[in-house]
Amino acid sequence: MPSDEFFNTGIYTYLWIMNKDKAPERKDKVMLINGSNGWKLLKKSKGNKRREMLPEHRAAIVDALTNFQDCEIGKVYDKWHFYYNKQALVLTDVDEANKSVVSTVCEDAKPFKLDAKSATLNSVEYDSLSELAPETAADVFAALKSYDPLYGTLSIMDENGDTYSFNADEQSIMREKEDGSVESLGCGKWLFKLANNKKTGRQSVQCAIVPAYINDFEIVEYSPNEDENEELIDAFLAKYVYRPFEKKDNTVGVELNFNKEFYVPEKIESVEEILSEIADLEKELNQIKLNF
């Protein structure tokens with residue numbers, strides 16, 4: 001229904017007509033009727049009411065519903081047209097080379113533990129991470145936990161002398177060995193843990209590299225046939241999802257979107273038409289100059 005038709009609100013109005021006793025040919029069918037353009041402007045506004053529907057506008061809606069066929073203001077759909085899948089995914093984040101630490105150091109996606117000897121965070125050095133006084137360990141742990149690759153730099157040296165750091169440009173964790181060779185381990189993130197040594201009363205800051213995961217979802221068309229629906233989801237994911245992923249729960253939803261179903265694309269003028277209009281305007285401007 002049109003907007004601005006009621007006294008206290010300017011919103012569009014939707015009428016839902018339910019019928020449990022449909023004719024067989026209308027079973028599992030839904031008709032949308034767009035009556036938003038059927039109105040006449042009031043001579044004088046009455047609050048928010050600026051428009052009114054005339055008898056012919058209401059008759060057009062009734063006729064469309066009675067005939068139950070595609071027409072200028074109505075469209076008939078199979079009810080499944082409005083269903084959709086909302087497939088939840090867990091994506092494994094990858095670097096510029098489409099690589100994750102899962103394919104290098106994190107076997108079976110398990111954490112790759114580092115026997116960290118020291119760490120340098122934003123030019124501040126922390127030594128002896130394997131044995132620290134409790135108050136010192138707490139400070140170091142808090143500092144490392146607050147590390148953000150967008151705003152800081154971090155490198156960790158293990159007991160073997162290998163140094164691990166994050167390359168922000170490539171979005172990859174790098175490993176530099178004692179001989180100076182550097183390799184990319186793929187996209188991942190740091191995991192820090194504070195551990196207690198009951199015998200000595202000292203604490204250690206344990207470090208590990210873990211895969212980076214992203215929770216996401218995709219909207220996919222729906223089929224009432226369970227096997228076909230699963231095939232639709234799998235084909236969509238294979239075509240449009242480029243990162244490694246794991247499927248999670250799928251939620252089936254329903255949406256009736258009038259703007260989508262009755263959308264009319266705006267006609268764009270061709271370059272020739274625009275240039276012609278510009279030329280006409282230039283002629284008019286030149287004529288105005290001559291008259292002055």
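Residues numbered from 1 in each chain as written. Predicted model: local features only at pLDDT ≥ 70, side-chain atom pairs only at ≥ 80, totals over all residues. Heavy atoms only, no water.

Trainee: Please give an account of the overall build of the chain that cites residues and values.
Mentor: Along the backbone of the chain there are five helices and 16 strands. Its C-alpha atoms give the chain a radius of gyration of 33 Å, more than 25% over the compact-globule value 19 Å for 292 residues. Judged by the C-alpha coordinates and their principal axes, the chain covers about 90 × 75 × 40 Å. At a minimum sequence separation of 6, the contacts of the chain that also span at least 24 residues come to 63%. Here the chain contributes 36 positively and 53 negatively charged side chains, and the mean placements of these two sets differ by 9 Å. (Helix = DSSP H or I, 4+ residues; strand = E, 2+ residues; numbered from the N terminus. Rg over C-alpha atoms; globule rule 2.2 N^0.38 Å. Contact = heavy atoms within 4.5 Å. Lys, Arg positive; Asp, Glu negative; His and termini not counted. Charge placed at Lys NZ, Arg CZ, Asp CG, Glu CD.)

Trainee: Outline the nonpolar core, listing residues and values.
Mentor: Side chains of a nonpolar character, in soluble globular proteins, are inclined to be buried together. Judged by nonpolar contacts, the single largest core of 26 residues is most densely connected at Leu129, Leu144, Leu154, Ile156, Trp190 and Ile209. Secondary structure elements with two or more residues in this core: strand 7 (116-121), helix 2 (134-145), strand 9 (154-158), strand 10 (163-167), strand 13 (189-196) and strand 14 (203-210). For this core, the leading source of residues is helix 2, giving four residues. Beyond its immediate chain neighbours, meaning those up to four positions away, Ile209 contacts Val101, Cys106, Pro111, Phe112, Leu114, Tyr164, Ile173, Leu185, Lys189 and Trp190. (Core = buried A, V, L, I, M, F, W, Y, C linked by side-chain atoms within 4.5 Å. Buried < 20%, exposed > 50% of the residue type's maximum accessible area, 1.4 Å probe, protein only.)

Trainee: Residues and numbers for the sheet that holds strand 6 (residues 112-114), please.
Mentor: The three strands lie next to each other as 6-14-13, forming an open sheet whose pairing is antiparallel. What marks the edges here is a single partner per strand, and that holds for strand 6 and strand 13. On average, each strand axis in the sheet is inclined to that of its neighbour by 30 degrees, with strand direction left out of account. Bridge count between strand 13 and strand 14: eight bridges; the pairing is antiparallel. Looking at the pairing, Leu191 lines up with Ala208 of strand 14. (Pairing = 2+ DSSP bridges. Axes fitted to C-alpha atoms, helices over the stretch in contact; angles between N-to-C directions.)

Trainee: An account of the pattern of salt bridges is needed here, citing residue identities and associated values.
Mentor: Counted by the stated rule, this structure contains eight salt bridges. Among the salt bridges present, the one from Asp93 reaches Arg243, with a minimum N-O distance of 3.6 Å. Taken together, the positions of Asp93 in the loop between strand 5 (83-92) and strand 6 and Arg243 in the loop between helix 3 (226-240) and strand 16 (245-254) put the pair 150 residues apart, joining distant regions of the chain. On the basis of relative accessibility, which here comes to 33%, the residue Arg243 falls in the partly exposed class. (Salt bridge = Lys/Arg side-chain N within 4 Å of Asp/Glu carboxyl O.)

Trainee: Outline the packing of aromatic side chains, supporting the account with residue identities and numerical values.
Mentor: Summed over the entire model, instances satisfying the criterion amount to eight aromatic pairs. For the pair Tyr14 and Phe258, a centre-to-centre distance of 5.5 Å together with 65 degrees between the ring planes defines the contact as edge-to-face. Separated by 244 residues along the polypeptide, Tyr14 in the segment before strand 1 (29-33) and Phe258 in helix 4 (residues 258-261) bring together distant segments of the chain. What links up through ring pairs into an aromatic cluster is the set Tyr14, Phe258 and Phe262. The side chain of Lys75 reaches across the aromatic face of Phe262, ending 5.2 Å from its centre. When the ring centre of Phe217 is taken as reference, the NZ or CZ atom of Lys86 above it lies at 4.5 Å. (Phe/Tyr/Trp six-rings, centres within 6.5 Å; stacked < 30°, edge-to-face > 60°. Lys NZ or Arg CZ within 6 Å of the ring centre and 35° of its normal.)

Trainee: Could you give an account of the sheet that holds strand 11 (residues 172-176), naming the residues involved and the relevant values?
Mentor: Taken together, the six strands give an open sheet; going across it, the order is 8-7-9-10-11-12, and neighbouring strands pair in antiparallel fashion. At either end of the open sheet lies a strand with only one pairing partner, and these are strand 8 (124-127) and strand 12 (182-184). Taking the axes of each pair of neighbouring strands and ignoring which way they run, one obtains an average angle of 20 degrees across the sheet. Looking at chain direction, strand 10 and strand 11 are connected through five bridges and run antiparallel. Bridge pairing in strand 11 places Phe166 opposite Ile173.

Trainee: Before we move on, could you go through the environment of Glu52 and cite the residues and values that matter?
Mentor: With respect to the helices and strands, the residue Glu52 is situated in strand 3 (residues 49-52). Judged by relative accessible area, which is 30%, Glu52 ranks as partly exposed. Sequence separation of Glu52 and Phe192 is 140 residues, and the distance between their C-alpha atoms is 66 Å. Beyond its immediate chain neighbours, meaning those up to four positions away, Glu52 contacts Glu5, Trp39, Lys40, Leu42 and His57.

Trainee: Which residues make up the side chain of Ser3, and what are the values?
Mentor: Within the secondary structure, Ser3 is located in the segment before strand 1. Of the polar contacts made by the side chain of Ser3, one reaches the side chain of Arg51; its length is 3.1 Å. (Polar contact = N/O pair within 3.5 Å; in protein donor to acceptor, adjacent residues only side chain to side chain.)

Trainee: Which residues make up helix 1 (residues 55-67), and what values do they have?
Mentor: The first and last C-alpha atoms of helix 1 sit 18 Å apart over 13 residues, in line with the 18 Å expected at 1.5 Å per residue. The complete set of buried residues in helix 1 reads His57, Ile61 and Ala64. The buried residues of helix 1 occupy an angular sector of 65 degrees when the element is viewed end-on, so they sit on one face. Facing away from the buried side of helix 1, by more than 90 degrees, are the exposed residues Pro55, Thr66 and Asn67. (Expected span 1.5 Å × (residues − 1). Arc of directions from axis to C-beta.)

Trainee: Can you lay out helix 2 for me, pointing to particular residues and giving the numbers?
Mentor: With 12 residues, helix 2 should cover 16 Å at 1.5 Å per step; its first-to-last C-alpha distance of 16 Å lies within 8% of that length. Residues of helix 2 that are buried: Ala137, Val140, Ala143 and Leu144. End-on, the buried residues of helix 2 take up no more than an arc of 130 degrees, which puts them together on one face. Residues of helix 2 that are exposed and point over 90 degrees away from its buried face: Glu135, Asp139 and Lys145.

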